[in-house]
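Architecture at a glance
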Amino acid sequence: MEELFHNLALGFSVAAHPTNLGLCLLGALVGTLIGVLPGIGPTATIAMLLPITFGLPPVGALIMLAGIYYGAMYGGSTTAILVNIPGEAASVVTTLDGFQMAKQGRAGAALAIAALGSFFAGCVATVVVAALGKPLTSVALQFGPAEYFSLMVLGMVFAVVLAKGSVPKAITMILVGLILSMVGTDIETGQTRMTFGIIELSDGIGFVGLAMGVFGFSEIMRNLEVAEQRELVQKKVTGLMPTRKDIRDATPAVIRGTLLGSLLGILPGGGTILSAFGSYTLEKKIAKDPSRFGKGAIEGVAGPESANNAASQTSFIPLLTLGIPPNAVMALMVGAMTIHGIVPGPQVMTKQPDLFWGLVASMWLGNLMLVIINLPLVGLWVRLLRVPYRLLFPMILVFCCIGIYTLNNTPFDVVMTGLFGLLGYWFIKHDLEPAPMLLGFVLGPLMEENLRRAMLLARGDATVFLTRPISAGLIALSAILLIVAVLPMIRGKRDEVFVE
Amino acid sequence: MKKLLLALGAALLATVPAAAQSDYPTRPITVIVPFAAGGPTDTVTRIVGEHMSRTLGQQLVVENVVGAGGTTASTRAMRATPDGYTIITGHMGTHAASVGLYPKLAYDPRKDFEPIGLIAGTPILILAKKDFPAKDLKEFIAYVKANGSKLNEAHAGVGSVSFTTCLLLNHLLGVKPTLIPFTGTGPSMNALVAGQVDYMCDQIVNAVPQVQAGTIKAYAVATPQRNPALPDVPTTVEAGLPDYQTSAWNALFAPKGTPKPILDKLSAALDKALSDETVRKRLLDLGSDIPEGKARGQEALAAHVKAEIDKWTPIIKAAGIEAK
């Protein structure tokens, strides 16, 4: 314990150095601003800004990049709430209630609660990284392909619960998501499948293009159809800050989301996304009146936002303790470290304690700065909503297209987004919800790959999912949740939890 | 009239490059990197690119174009205007193994590109999980031969460096382990550290910290000389598998038809970067081998590409792996 304080003191002495403090602020600011541009998520932002860090000392460079990461993650939520465009997978859930709140004129409250919840989650996650980083790593290593597959099964069950409307429609949408996720290259044979000979599809459909199309573009089309209503919404904008009731409602959700996010974040791969979806499911499940969800329930913003922030922070654990990047952003951080002559690995903690603890301490400072930057900005963002829609929507479209183009520097992605926009509009007209589809799309590849790995390792013995304890536990949990979801349907009753 | 205009246009076009060549470069040069930012190819390109920018007096701007094992980016580079303002970092996969892997490959690395020069190679290590029951490469070979199909080999995806280089190893040993595919070197390394798979081949830069920390074992490095980053790991020559020689090389190419004076300027700038002490130190710290003397330059790269294609194509065909 004493050692922990000693280490944290070292970390803060590094992070609070004026240069590093400045870089942390700059990173968080730049990250927020770029993250707010729809489509430019944390990965693209860091990739673009990587060269800027060349001239900096390594610790400062990493602190700045980490700042960009949280900033961009947070910026992604801002667009999810304001214009229904999730910047990255984890903020898909935020659109569900966040955008509804914005429509009711409560965008300010949604943004503020997202910032405060994220800050709380960030504080807790910093302590988790500092105190439990090492032991949690060994837990993450227990997760083999079989365990991941079972975890993804649980994720799919969450997706059913996300649905606002009918369960069969939700299941259909998950399946659509799974099918879309199968476009690309077969992991085992390297053969392309369902690409129709289009070389750009050989690595699959991009998440950002799909999400922007079915959420953002289709929302714009629908808004243009009912322009008068949109103007009404804009006039309703009320208080910028959450009310006392909002805070009372949100607090328990923030705490639960933080715990869930801290745990799931350490799992390489889909941890951040699963934590947001998981937290939403949990909040909806334990709410006294689940019917409020999807119509602007503040818990539906507070829980997932806290969860994804906690998870994005604990996702540094595998990188810092093992030197293995768990996701694309972390892979970029590894690249940044190697460019600066640091080879990340299990010994970074002992060999370069100033770097390790400086980065941990800067996480907390970065989160503090995000709150300082974002609370005053809430007013500005909300005012943006008052811009007449005929001026706002072309801007959104142009920024979206720029964002999508910069992902791979190809116009193909922009065209695809347009097509998904049309598909999304068709979904709206038929009351088909895109959120379960996106969860299926994001988790699909992880599920398939791990299923095939697990089966290869077990030489085709499917019982492996039940004989490994962690995997069996997850499968059992999924089965229970599914039965709870399906039984009332069989009885012909409306299930208040899953259907409203 | 139309003909006259065309002739005039052609004459104009013919004079423009000549003028442009002497004061090349007058604007930033785009270097396409066919892999994600932060990966080994990207890192190596950025390190030499930064030095080359200073020599050439214009910025080398890295553009990461990912997809289809780097062949998307290579196809785009092939189709770029050959004026020296678009070049590409090709590597073992995009400019050699791709020929065997993709029968419908849109380009021929030997014919559609002008070589500029090799940048650096990353040696390949034979790696195994921490509790693999072999203390040196001889025991490893014996054990793998005895247990063949019972063992699990991890790789970072069909067509990746770890995939192709391990095909060669399995080919030399005459074994067919179960191949467990991962998406990228991060997840495959994670599986090896966790002991979920038995062995794999990977670039030294990814493995050094794990080997030093004792979380995995390294049996040999597939180069003629030991690597300063891991001085205790023997070479395959010393350890008894001299035929296993492979390195994930990276090199600069320009689209076919780029004028020779421009290519020479780029080659000279690359040569200067590879002689610079700071650049060398950064590359060596990553475990890279830097080509020296005759191994540098345009002719050496052209010969290397040809030799590599001849080496990998039969191995890939023999393994029956073919992407569409």
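Conventions and cut-offs
Residues numbered from 1 in each chain as written. Chains lettered and ligands numbered in written order. Predicted model: local features only at pLDDT ≥ 70, side-chain atom pairs only at ≥ 80, totals over all residues. Helix = DSSP H or I, 4+ residues; strand = E, 2+ residues; numbered from the N terminus. Rg over C-alpha atoms; globule rule 2.2 N^0.38 Å. Buried ≥ 20, exposed ≤ 12 C-beta atoms within 10 Å, placed from the backbone. Contact = placed C-beta atoms within 7 Å. Domains from an automatic or database assignment. Nonpolar A, V, L, I, M, F, W, Y, C, P; charged D, E, K, R; others polar. Expected span 1.5 Å × (residues − 1). Core = buried A, V, L, I, M, F, W, Y, C linked by C-beta atoms within 7 Å. pLDDT = per-residue confidence, 0-100. Pairing = 2+ DSSP bridges. Axes fitted to C-alpha atoms, helices over the stretch in contact; angles between N-to-C directions. Parallel < 35°, antiparallel > 145°, perpendicular 65-115°, else oblique. Left-handed = near helix turned anticlockwise from the far one by under 90°. Bend = angle between axes of the 7 residues up to and from the residue.

When its secondary structure is counted, chain A shows 22 helices and two strands. In terms of overall dimensions, chain A is globule-like: its C-alpha atoms have a radius of gyration of 22 Å, near the 23 Å expected for 500 residues. For chain A, the spread of C-alpha atoms along the three principal axes comes to 60 × 60 × 50 Å. Taken across its 500 residues, chain A has 57% of its residues classed as buried. A separation threshold of at least 6 residues defines the contact pool for chain A, and within that pool the share at least 24 residues apart is 80%.

Let's shift gears to the overall build of chain B. Counting secondary structure elements, chain B contains 12 helices and nine strands. Projected onto its principal axes, the C-alpha coordinates of chain B cover approximately 80 × 45 × 30 Å. Restricting the contact set of chain B to residue pairs at least 6 apart, pairs at least 24 apart contribute 77%.

Residues and elements named next belong to chain B. Domain boundaries in chain B define domain 1 (2–22 + 29–121 + 248–318) and domain 2 (123–239). Spacing between the C-alpha centres of domain 1 and domain 2 amounts to 29 Å. Across the boundary between the two partners, domain 1 contributes 16 residues, which contact 17 residues of domain 2. Secondary-structure elements contributing two or more residues to the side of domain 1 that touches domain 2 are α4 (92–101) and α12 (298–318). A class-by-class count of the residues in the side of domain 1 that touches domain 2 yields 11 nonpolar, four polar and one charged.

Before going further, it helps to spend a moment on helix α15 (residues 328–339) of chain A. Taking 1.5 Å as the rise per residue, α15 of chain A with 12 residues should run 16 Å; its terminal C-alpha atoms sit 17 Å apart, in good agreement. Of all the residues in α15 of chain A, the buried ones are Val 329, Met 330, Ala 331, Leu 332, Met 333, Val 334, Gly 335, Ala 336, Met 337, Thr 338 and Ile 339 of chain A. Tucked inside the fold, the buried residues of α15 of chain A contact α3 (42–49), α4 (58–83) and α14 (316–322) of chain A together with α2 (40–56), α7 (185–193) and α8 (204–213) of chain B. Just downstream of α15 of chain A lies Gly 341 of chain A, where phi reads positive at about 80°.

Here we come to unusual backbone geometry. Between Tyr 24 of chain B and Pro 25 of chain B the backbone carries a cis peptide bond, its omega angle lying at -5°. As for its placement among the helices and strands, Pro 25 of chain B is situated in the loop between α1 (2–23) and β1 (29–33). Backbone geometry places Asp 431 of chain A, a non-glycine residue, at a positive phi of 55°. Note that Asp 431 of chain A resides in the loop between α19 (411–429) and α20 (434–457). We note that Arg 459 of chain A has phi near 55°; this positive angle belongs to a residue other than glycine. By the element assignment, Arg 459 of chain A lies in the loop between α20 and α21 (464–467). Residue Arg 459 of chain A is classed as exposed on the basis of its C-beta count, with 11 C-beta atoms lying within 10 Å.

Our next topic: the nonpolar core. Nonpolar side chains in soluble globular proteins generally cluster together in the buried interior. The biggest cluster of nonpolar side chains holds 248 residues, and the ones touching the most others in it are Leu 62 of chain A together with Leu 127 of chain B. Mapped onto the domain boundaries, this core takes at least three residues apiece from domain 1 (2–22 + 29–121 + 248–318) and domain 2 (123–239) of chain B. Setting aside residues up to four positions removed in sequence, Leu 127 of chain B forms contacts with Leu 192, Tyr 199, Met 200, Cys 201, Asp 202, Ala 207, Ile 216, Lys 217 and Ala 218 of chain B.

Residue and element names in this part refer to chain B. When the pLDDT values of chain B are averaged, the result is 87; 92% of them are 70 or greater. With pLDDT under 50 throughout, residues 8–19 is counted as low confidence; its partners more than four residues away or in other chains account for two contacts. Here the prediction assigns the complex a pTM of 0.82, and the interface score ipTM is 0.80.

A few words on the pairing of strand β7 (residues 199–203) of chain B. Residues and elements named next belong to chain B. Taking burial as the measure, the five residues of β7 include five buried ones, the bulk of the element. Side-chain alternation along β7 places Tyr 199, Cys 201 and Gln 203 on one buried face and Met 200 and Asp 202 on a second face that is also buried. In the sheet, strand β4 (residues 113–129) pairs with β7 via five bridges, with the strands oriented antiparallel. Bridged to Ala 128 within β7 is Tyr 199.

What follows concerns the interface of chain B and chain A. Contact with chain B, which involves 43 residues of that partner, is made by 39 residues of chain A. Broken down by secondary-structure element, the contributors of at least two residues to the side of chain B that touches chain A are α2, β2 (60–64), β6 (178–181), α7, α8 and α11 (277–285) of chain B. Residues of the side of chain B that touches chain A, tallied by class, amount to 20 nonpolar, 16 polar and seven charged.

In this structure, Asp 310 of chain B sits in helix α12. Residues Asp 310 of chain B and Val 99 of chain B, 211 residues apart in the sequence, show an inter-C-alpha distance of 9.5 Å.

Here we come to the packing of α2 of chain B against α11 of chain B. All names here are of chain B. Where α2 meets α11, the closest approach of the two axes is 10 Å, and the angle between their N-to-C directions is 175°. As far as their axial angle goes, α11 and α2 are roughly antiparallel. Between α2 and α11, the contacting residues are Val 44, Ile 47, Val 48 and His 51 on the first element and Val 279, Arg 282 and Leu 283 on the second. Split by residue class, the contact of α2 with α11 holds five nonpolar, one polar and one charged.

So, about the packing of helix α2 (residues 18–36) of chain A against helix α17 (residues 353–385) of chain A. All names here are of chain A. Across the interface, α2 lies against α17 with an axial gap of 9 Å and an inter-helix angle of 50°. Taken together, α2 and α17 sit at an angle that is classed as oblique. Taken as a pair, α2 and α17 cross one another with a handedness that is right-handed. In contact with Asn 20, Leu 21, Cys 24, Leu 25, Ala 28, Leu 29 and Thr 32 of α2, α17 contributes Gly 358, Ser 362, Leu 365, Gly 366, Met 369, Leu 370, Ile 373 and Asn 374. Grouping the amino acids of the contact of α2 with α17 by side-chain chemistry returns nine nonpolar, six polar and no charged.

A few words on α20 of chain A. Helical periodicity: at 3.6 residues per turn, an α-helix aligns residues three or four positions apart in one direction. All names here are of chain A. Between the first and last C-alpha of α20 there are 35 Å, a value that for 24 residues agrees with the 34 Å anticipated at 1.5 Å per step. Of all the bends in α20, the largest measures some 40° and sits at Leu 443, one to four residues before the proline Pro 445. Positive backbone phi, at 55°, marks Arg 459, one or two positions downstream of α20.

So, on to the confidence of the model for chain A. For chain A, mean pLDDT is 82; residues scoring 70 or higher make up 91% of the total. The low-confidence segment residues 493–500 of chain A, where pLDDT is below 50, has 17 contacts with residues more than four positions distant or belonging to other chains.

Let us now look at the environment of Pro 445 of chain A. All names here are of chain A. As for its placement among the helices and strands, Pro 445 is situated in helix α20. According to the C-beta neighbour criterion, Pro 445 is partly exposed, with 19 such atoms within 10 Å. C-alpha separation for the pair Pro 445 and Ala 115, spaced 330 residues apart in sequence, amounts to 31 Å.

The next subject is the environment of Thr 321 of chain A. Residue and element names in this part refer to chain A. Within the secondary structure, Thr 321 is located in helix α14. The class for Thr 321 is buried, based on 23 C-beta atoms found within 10 Å. Along the chain, Thr 321 and Phe 441 lie 120 residues apart, while their C-alpha atoms are 30 Å from each other.

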